[in-house]
Amino acid sequence: YALDNNACSPCAAFLSNCDTCSSTTACASCQSGYAINASTCSPCESFISGCVTCSSKTSCSTCNTGANFYLSGSSCVCNSGYTLNNSVCSPCTAFLSNCATCSSTTVCASCQNGFAINVTTCSPCISFMVGCLTCSSKTSCSTCNTGANFYLSGSSCGCNSGYALNNSACTLCTAFLSNCATCS
């Protein structure tokens with residue numbers, strides 16, 4: 001309460017979202033979801049992106065989980081697979097195709113299945129290794145295209161017996177040499 005024209009009135013009558021005040025122009029504590037900004041109350045989210053409740057302009061206590069934020073220390077950060085863009089958690093894929101996790105709108109940290117990091121973006125595994133469908137990096141294949149007669153050999157793909165690599169495809173040996181069962 002504050003004294004106004006010889007009468008005590010609730011602080012919120014003078015100062016929006018104010019719980020306690022020292023005068024009609026100076027708030028001392030704010031309602032939940034607000035923090036002191038100069039002598040008035042402002043929403044927590046105006047200081048900390050994604051913050052729902054805070055104890056000050058720099059210390060958040062609850063984040064907006066529905067908007068893909070979670071509490072980390074006294075700040076709100078975006079869930080995995082999201083990045084902060086204009087105070088909003090946006091999916092990495094909105095900026096970077098086939099990106100599973102990212103550190104910004106321009107840098108992918110990990111790719112979706114079938115893709116690998118190529119500098120800061122994702123490229124198909126097959127663009128790094130012939131016959132590779134899934135990979136853990138540009139040089140380590142996990143699954144080969146068995147339907148195209150490839151098999152996994154260590155961390156790369158080779159052609160099945162009776163086939164040889166020809167223009168990035170496993171081609172039957174008989175296509176090169178009639179009656180040939182194996183070739184390289």
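Here, the structure is the one placed above.
Residues numbered from 1 in each chain as written. Predicted model: local features only at pLDDT ≥ 70, side-chain atom pairs only at ≥ 80, totals over all residues. Heavy atoms only, no water.

### Things to note about the side chain of Thr83
As a reminder of what qualifies: Runs of H or I in DSSP of at least four residues are treated as helices and runs of E of at least two as strands, each being numbered from the N terminus. The criterion used for residue contact is that any of the two residues' heavy atoms lie within 4.5 Å.
Its place among the elements puts Thr83 in strand S11 (residues 82–85). If we ignore the near neighbours within four places in the chain, the residues touching Thr83 are Cys78, Val88, Cys89, Ser90, Phe95, Cys102, Ser103, Ser104 and Thr105.

### A short note on unusual backbone geometry
Cut-off, in case you're wondering: We call a residue buried when its accessible area falls under 20% of the maximum for its residue type, exposed when it is over 50%, and partly exposed in between, using a 1.4 Å probe and counting protein chains only.
If you check the backbone angles, Asn86 has positive phi at about 55° while not being a glycine. Along the polypeptide, Asn86 turns up in the loop between S11 and strand S12 (88–91). Accessibility expressed as a relative area gives 68% for Asn86, which makes it exposed. Even without being a glycine, Asn149 presents a positive backbone phi close to 70°.

### Some thoughts on the pairing of strand S21 (residues 163–166)
We apply this condition: For two strands to count as paired, DSSP must find a minimum of two bridges between them.
Here S21 runs beside strand S22 (residues 169–172); their pairing, made up of four bridges, is antiparallel. Residue pairing across strands places Ala164 opposite Thr171, the latter belonging to S22. Between S21 and S22, which pair antiparallel one after the other, the connecting turn spans two residues, and Asn167 there sits at a positive phi close to 50°.

### Quick look at the state of the cysteines
For clarity, the cut-off: A pair of sulfur atoms, both from cysteines and within 2.5 Å, is called a disulfide here.
Within this structure, the stated rule accounts for 14 disulfides. Two residues share a disulfide in this structure: Cys30 and Cys41, whose sulfurs sit 2.1 Å from each other. One disulfide, between Cys30 and Cys41, carries an S-S torsion of -95° and so falls in the left-handed class. Note that Cys30 is positioned in strand S4 (residues 27–30) and Cys41 in strand S6 (residues 40–43), a separation of eleven residues in sequence. No difference in accessibility class separates Cys30 from Cys41, as the two residues are buried. Here Cys44 is linked by a disulfide to Cys54, with a sulfur-sulfur distance of 2.1 Å. Linking Cys44 and Cys54, the disulfide has an S-S dihedral of approximately -85° and is accordingly described as left-handed. Separated by ten residues along the polypeptide, Cys44 in the loop between S6 and strand S7 (51–56) and Cys54 in strand S7 bring together distant segments of the chain.

### Some thoughts on the side chain of Thr134
Basically, it comes down to this: In protein, a polar contact means a hydrogen-donor-capable atom and an acceptor-capable atom, both N or O and within 3.5 Å, with residues adjacent in sequence counting only if both atoms are side-chain atoms; elsewhere, any N or O pair within 3.5 Å suffices.
Topologically, Thr134 is positioned in strand S17 (residues 132–137). A polar side-chain atom of Thr134 sits 2.7 Å from a polar atom in the side chain of Thr143. Apart from the residues within four sequence positions on either side, Thr134 is in contact with Asn113, Gly114, Cys125, Cys141, Ser142 and Thr143.

### Digging into the environment of Asn68
Looking at the element boundaries, Asn68 is found in the loop between strand S8 (59–63) and strand S9 (69–72). Residues Asn68 and Val88 lie 20 residues apart in sequence; the distance between their C-alpha atoms is 8.7 Å. Among residues more than four places away in sequence, those in contact with Asn68 are Val77, Cys78, Asn79, Tyr82 and Cys89.

### A closer look at the pairing of strand S3 (residues 18–21)
Taken together, the three bridges between S3 and S4 define a ladder with antiparallel strand orientation. Each residue of the ladder has a partner; that of Cys21, found in S4, is Cys27. Hairpin connection from S3 to S4: five residues lie between these consecutive antiparallel strands.

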